[in-house]
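# Descriptive analysis of the structure
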Amino acid sequence: MLTEAQFALIARQAKRRVGLALKPDRLAVVDARLAPLARREGCACAGELVQATQERSDDLLWDAIVDALVDPSTHFFRDRAAWRALAERAIPDILRGRAPNARLRIWSAGCATGQEPFSLAILMDELREEGQGATTEIVATDVSARLLDKATAGIFSQFEVQRGLSVRRMIARFERIGEMWRVMDRVRAAVRFEAHNLMSEPAAMGPFDLILCRNVLCGMDDEDRKATLERLAGALAEDGMLMLGAGEHAVDVTDAFSRTGEDGLFLRNAYWRRAA
Ligand SMILES: C[S@@+](CC[C@H](N)C(=O)[O-])C[C@H]1O[C@@H](n2cnc3c(N)ncnc32)[C@H](O)[C@@H]1O
């Protein structure tokens, strides 16, 4: 089992590298999460793995340790009601201020294995088919190269596609390859995956009309959540919107955003005022 001092060292690295806040009561969880990596590195346990970092001259082992600790959980159209609100409320609201042929730029920040940006690509495709959508460019980023590799492949197991996708959507936008399902080329081509750490400035990638940063900020302490939200505000178009995860909040830590509805799911830049 990790010692408290080793756990404290891991917690410092996790906060500094990706803004992951690890409370002391997570010691046993962290110990268990690091066991597979420890085995791969030829160490008997997580404690030995931490010791091994002191013998390395590069940072690669710390990268791998922190990568093993990020929460990769995701699924297609996660939080159904939120996606309905996105389709029925937020996207029409953004498009209302745009020219009919406008191109929307969307950022899925913290996209894990790709289910979120592919859900976006499917939704935008469906809206376009109904004559409501716009041409869309989706940029999907994550700090984990391991998760991005899977996302870029666009290949999912039966279990993964069943989590959140209706049979209609599965058949319309995926093709079966053996036991797996591959996102159709048209949907895949709509998404560009890139490595990006939300602890650094995203300004060069922006501005975006819509940013999804869902179930990422909840892993951060207030200090990193505030700083990250303020960086996101800087990458948002003046009349753009930020979509958080269900139950996540922003206005409690920063005044960079204002809520657009009771649920606090969609946020505008605080200084944005719709032209009368
Ligand atoms: C719980 S998943 C959420 C995935 C997706 N947004 C969703 O809601 O289903 C959190 C993701 O955020 C990523 N993440 C955590 N800290 C990050 C950081 N500092 N920069 C970029 N991505 C980060 C993790 O690697 C992980 O893939």
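Residues numbered from 1 in each chain as written. Predicted model: local features only at pLDDT ≥ 70, side-chain atom pairs only at ≥ 80, totals over all residues. Heavy atoms only, no water.

Of note, the amide linkage connecting Gly 206 to Pro 207 takes the cis form, showing an omega dihedral of 0 degrees. Along the chain, Pro 207 falls in the loop between β6 (191-195) and β7 (208-213). Although it is not a glycine, Phe 77 sits at a positive phi angle of roughly 45 degrees. If you trace the backbone, Phe 77 turns up in the loop between α4 (60-69) and α5 (80-96). In this structure, Ala 112 is a non-glycine residue whose phi angle is positive, near 50 degrees. Turning to its location among the elements, Ala 112 is positioned in the loop between β1 (103-109) and α6 (115-129). (Helix = DSSP H or I, 4+ residues; strand = E, 2+ residues; numbered from the N terminus.)

Once that is clear, we can look at the domain arrangement of the protein chain. How big an interface is tends to be reported as the loss of accessible area on association of its parts. For the protein chain, the assigned domains read domain 1 (4-69) and domain 2 (80-269). Just the C-alpha atoms count here: the centres of domain 1 and domain 2 sit 30 Å apart. Contacts between the two partners involve nine residues from domain 1, matched on the other side by 10 residues from domain 2. Buried surface at the junction of domain 1 and domain 2, summed over both partners, amounts to about 690 Å²; 39% is from carbon and sulfur atoms. (Domains from an automatic or database assignment. Contact = heavy atoms within 4.5 Å. Buried area = accessible area lost by both parts, 1.4 Å probe.)

Attention now moves to the nonpolar core. In globular proteins that are soluble, nonpolar side chains generally tend to be buried together. Counting 42 residues, the largest nonpolar core has Leu 86, Phe 174 and Leu 210 as its most contacted members. The biggest single contributor to this core is α5, with nine residues. Excluding residues that lie within four positions of it along the chain, Leu 86 makes contacts with Ile 91, Pro 92, Leu 120, Leu 123, Leu 210, Met 243 and Phe 266. (Core = buried A, V, L, I, M, F, W, Y, C linked by side-chain atoms within 4.5 Å. Buried < 20%, exposed > 50% of the residue type's maximum accessible area, 1.4 Å probe, protein only.)

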